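Overview (structure and organization)
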Amino acid sequence: MKKPIHFKALINYYSTDKGGLVTPVSTGYRASIKFPFELKSYIAVQTFEETELIFPGDSNTVEVTLIGAELFLEKLYKGMNFELSDNSGIIADGVITEIYSE
């Protein structure tokens, strides 16, 4: 069963020299997502509609599905900002542009 997409966001992926991505990523890329005022981070599965690959330094509109965030979903709002990270640190920041109802 495919998980529903929770929101669309404009994400600014940092360049390699700013601690961001080292290699391009494709649809299905998973990173940790952290929202302001939320202590827990979640896994964000990203779906790219406009392109096949996202390169370091790119900004793009991305659809995001959160894993394990069922109790947090009602707190999401349009304009909410967030940070994406992986094992190397913060790799991107973004802002929610649209929320999908289930």
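The protein chain has the name Elongation factor Tu in an unreviewed UniProt entry, where Chryseobacterium muglaense is given as its organism.

A word on the packing of aromatic side chains
Under the defined criterion, the tally for this structure stands at five aromatic pairs. For the ring pair Phe-35 and Phe-72, a centre distance of 5.0 Å and an interplane angle of 35° mean the geometry is tilted. One end of the pair, Phe-35, is in the loop between β3 (30-34) and β4 (42-48); the other, Phe-72, is in the loop between β6 (59-67) and β7 (81-86), and 37 residues separate them in sequence. Side by side, Phe-35 and Phe-72 carry an identical accessibility label, which is buried. Cluster of aromatic residues (ring-pair linked, three or more members): Phe-7, Phe-35, Tyr-42, Phe-72 and Phe-82.

Remarks on the nonpolar core
Of all hydrophobic cores here, the largest spans 27 residues; its most connected members are Phe-7, Phe-35, Leu-66 and Leu-84. For this core, the secondary-structure elements that each account for two or more residues are β1 (7-13), β3, β4, β6, β7 and β8 (89-99). With four residues, the top contributor of residues to this core is β1. When neighbours within four sequence positions are excluded, Phe-35 is seen to be in contact with Phe-7, Tyr-42, Leu-66, Phe-72, Leu-76, Met-80, Asn-81, Phe-82 and Ile-96.

Quick notes on the pairing of β3
For β3 and β4, the ladder comprises four bridges, and the chain directions are antiparallel. For Arg-30, the partnering residue across the bridge sits in β4 and is Val-45. Note that β3 and β7 share three bridges and pair antiparallel. Bridge pairing links Lys-34 to Glu-83 in β7.

Overview of the pairing of β7
Side-chain direction in a regular strand flips from residue to residue, so the side chains alternate between the two faces of the sheet. Relative to β8, β7 runs antiparallel, the two being bridged by six bridges. Each residue of the ladder has a partner; that of Ser-85, found in β8, is Ile-90. In textbook terms, the turn of a hairpin is the stretch between consecutive antiparallel strands, and for β7 and β8 this stretch comprises two residues.

Looking at the environment of Asn-81
With respect to the helices, strands and loops of the structure, Asn-81 is situated in strand β7. Classification of Asn-81 by relative accessible area gives partly exposed; the value is 42%. Between the C-alpha atom of Asn-81 and that of Lys-34, which follows or precedes it by 47 residues, the distance is 9.0 Å. When neighbours within four sequence positions are excluded, Asn-81 is seen to be in contact with Phe-35, Pro-36, Gly-94 and Val-95.

About the thresholds
- Residues numbered from 1 in each chain as written.
- Predicted model: local features only at pLDDT ≥ 70, side-chain atom pairs only at ≥ 80, totals over all residues.
- Heavy atoms only, no water.
- Phe/Tyr/Trp six-rings, centres within 6.5 Å; stacked < 30°, edge-to-face > 60°.
- Helix = DSSP H or I, 4+ residues; strand = E, 2+ residues; numbered from the N terminus.
- Buried < 20%, exposed > 50% of the residue type's maximum accessible area, 1.4 Å probe, protein only.
- Core = buried A, V, L, I, M, F, W, Y, C linked by side-chain atoms within 4.5 Å.
- Contact = heavy atoms within 4.5 Å.
- Pairing = 2+ DSSP bridges.

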